[in-house]
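Observations on chain architecture
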Amino acid sequence: MTVDTATAQLSGAQHIELVETFAAHNYSPLPVVVAKADGVWVEDADGKRYLDMLAAYSAVNFGHGNAELVEVAKQQLDRVTLTSRAFHNDQLGPLSRELAELCGMEAILPMNTGAEGVETAIKTARKWGYTKKGVAPGKAKIICCTDNFHGRTTTVISFSTDPQCRDGFGPFTPGFEIVEYGNIDALRNAIDENTVGFLVEPIQGEAGIIVPPEGYFKQVRDLCTEKNVLFIADEIQSGLGRTGKTFCIEHDGVVPDVLILGKALGGGIMPISAVVSSREILSVFTPGDHGSTFGGNPLSCAVARKVVEMLKTGDYQQKAAELGDYLIGRLRAIKTDKIKEIRGRGLWVGVEFKTEAGPAKKYCNALMDAGMLCKDTHAQTMRLAPPLVITKEDIDWALERIEKVLT
Ligand SMILES: *Cc1c(COP(=O)(O)O)cnc(C)c1O
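Everything numeric here is computed off the predicted structure, so don't read it as measured data. (Residues numbered from 1 in each chain as written. Predicted model: local features only at pLDDT ≥ 70, side-chain atom pairs only at ≥ 80, totals over all residues. Heavy atoms only, no water.)

Looking at the overall build of the chain
In terms of helices and strands, the chain carries 15 helices and 15 strands. A compact globule built from 407 residues should have a C-alpha radius of gyration of about 22 Å, and the chain, at 21 Å, falls within 12% of that. With the C-alpha coordinates aligned to their principal axes, the bounding extent of the chain is approximately 60 × 55 × 45 Å. Element-wise, carbon and sulfur atoms account for 52% of the exposed surface of the chain, whose accessible area totals about 18500 Å². (Helix = DSSP H or I, 4+ residues; strand = E, 2+ residues; numbered from the N terminus. Rg over C-alpha atoms; globule rule 2.2 N^0.38 Å. Areas by Shrake-Rupley, 256 points an atom, 1.4 Å probe, with all protein chains shown as cover.)

Structure follows, in structure tokens:
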């Protein structure tokens, strides 16, 4: 076995230098170089340990190196990893049934990244509009929300309201209309005979953990049913346990027509996303319509099957609910004049700082020095989303640091 000892011996600073020199600068990460991780803890290239309070934007919901998931991945690595969809494999069928059942739906369409899942949902809604709803060719309209985040492909950024996501990347894909998030009248006014879908996040993560008004999604459900519009919930970040339920939309007691999943579905090991819906809606696809070389590959399917199995007991969801309430309660009790608002659901919390307190990044950097990793979003908000395997003791450890930095 060859070991690249030269690389293994680089310091954190040297690794950052390599990225600065040889990689595109499309991110601005905290200056920490993770070299190892276990559960909720990561270790940097220089041996310093940190508590991970971000969990790769919920992709690591079950913790780093989760023993059950790693075991399944290792076994599958030795069996078969990729067949393409030119052939069947023995993991996709079982995953399709198990994931559809977890969602209370009938069928899935597997892809890899979240953005591909969103693209797939858009194609689903458009083709459903033309073939089932009778929308005139080329006229299908999908409604999206202000401050949405659904990924980074050219079509997906076409309906972003964040100028930085779009600047320099046009021309854009037509066929989208933006309405204010949480505003049911705006949605009602925007729906016309060409509207095929309403694409929405149950809680807006990237926008700063924005929870819509109570009752909003009940009204969305009724309106979409009345107008024959597909209600498409992007649960890529909010789904799979994060908010204290398997799906965030369950808090509202409604069922969307289409669910988009990603991130945690791959157990932090493999990218896998999926569009989950009814047999009828997904039957708009016929062979050759759509696909992906890695979509439905047996390695990610095997890991995702384990993720589904782990979610079945409800333990992770219950833990997220209980510890989330505890975390939010303790955060709200901190005596500081720096905080404007604390929002969240389950283990998904946004701490919004007052403008005069300075940008959230400042606090994230101070917390990093204190041994805790989290990330700012939209300048003033610090996002906390630890792996769901976190303990109360670890949360107390984090709170000690947060309190110190804030007071
Ligand atoms: C992360 C995310 C996406 C995009 O997923 P990628 O895997 O990064 O392409 C889409 N929607 C939501 C809500 C997300 O959080």
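Examining the site of the ligand
The ligand sits among Thr113, Gly114, Ala115, Phe149, His150, Gly151, Glu201, Asp234, Ile236, Gln237 and Lys263. Between alanine 115 and the ligand, the recorded distance is 2.8 Å, taken from a backbone N or O atom to an oxygen atom. Here the ligand loses 81% of its free accessible area of 380 Å² to cover by the protein chains. Across the shell around the ligand, the residue classes tally to three nonpolar, five polar and three charged. (Near = heavy atom within 4 Å. Polar contact = N/O pair within 3.5 Å; in protein donor to acceptor, adjacent residues only side chain to side chain. Nonpolar A, V, L, I, M, F, W, Y, C, P; charged D, E, K, R; others polar.)

Points about the pairing of strand β3 (residues 49-52)
Pairing geometry for strand β2 (residues 41-44) and β3, over three bridges, is antiparallel. Looking at β3, one finds that tryptophan 41 is bridged to leucine 51. Linking β2 back to β3 in an antiparallel pair, the connection comprises four residues, with glycine 47 at a positive phi of about 90°. Note that β3 and strand β13 (residues 372-373) share two bridges and pair parallel. Following the sheet pairing, aspartate 52 is matched in β13 by leucine 373. (Pairing = 2+ DSSP bridges.)

Concerning the sheet that holds β3
One key point about sheets: their strands pair by backbone hydrogen bonds, in either a parallel or an antiparallel sense. With mixed pairing, four strands are arranged side by side in an open sheet as β1-β2-β3-β13. Either end of the sheet is taken by a strand with one partner, and the two such strands are β1 (34-38) and β13.

Examining unusual backbone geometry
The omega torsion of the bond from glycine 170 to proline 171 falls at 0°, within 30 degrees of zero and hence cis. For serine 58, which is not a glycine, the phi torsion comes out positive at approximately 80°. With respect to the element layout, serine 58 can be found in helix α3 (residues 55-58). Given a relative accessible area of 1%, serine 58 falls into the buried group. The phi angle at histidine 378 is positive, at roughly 50°, despite the residue not being glycine. Relative to the elements of secondary structure, histidine 378 occurs in the loop between β14 (375-377) and β15 (381-384). (Buried < 20%, exposed > 50% of the residue type's maximum accessible area, 1.4 Å probe, protein only.)

Things to note about the pattern of salt bridges
Pairs can form between side chains of opposite charge whenever their charged atoms are close. All chains considered together, the criterion is met by 18 salt bridges. As a salt-bridge pair, lysine 375 and aspartate 376 come within 3.5 Å of each other at their nearest N and O atoms. Summarising the burial analysis for this pair, lysine 375 and aspartate 376 share the class buried. Because the salt bridges share partners, they merge into one network encompassing Arg330, Lys392, Asp396 and Glu403. (Salt bridge = Lys/Arg side-chain N within 4 Å of Asp/Glu carboxyl O.)

Section: the nonpolar core
Leu99, Phe198, Leu331, Met382 and Leu384 are the most contacted members of the largest nonpolar core, which has 88 residues in total. Here the element with the most residues in this core is helix α12 (residues 298-312); it accounts for eight residues. Each of domain 1 (3-65 + 315-406) and domain 2 (67-312) gives at least three residues to this core. Excluding residues within four positions of it along the chain, methionine 382 makes contact with Val349, Gly350, Val351, Phe353, Ala360, Tyr363, Cys364, Leu367, Cys374, Lys375 and Asp376. Judged by nonpolar contacts, the second largest core, of 27 residues, contains Met111, Ile142, Cys144 and Leu282. (Core = buried A, V, L, I, M, F, W, Y, C linked by side-chain atoms within 4.5 Å. Domains from an automatic or database assignment. Contact = heavy atoms within 4.5 Å.)

Looking at the domain arrangement of the chain
With domains assigned, the chain is organised as domain 1 (3-65 + 315-406) and domain 2 (67-312). With centres defined by C-alpha atoms, the gap from domain 1 to domain 2 works out at 26 Å. Contact with domain 1, which involves 28 residues of that partner, is made by 31 residues of domain 2. For the pair domain 1 and domain 2, the summed buried area comes to about 2500 Å², and 58% of that belongs to carbon and sulfur atoms. By the criterion of area lost to domain 2, the three top residues of domain 1 are Gln317, Arg345 and Trp348, representing 33% of everything that side buries. (Buried area = accessible area lost by both parts, 1.4 Å probe.)

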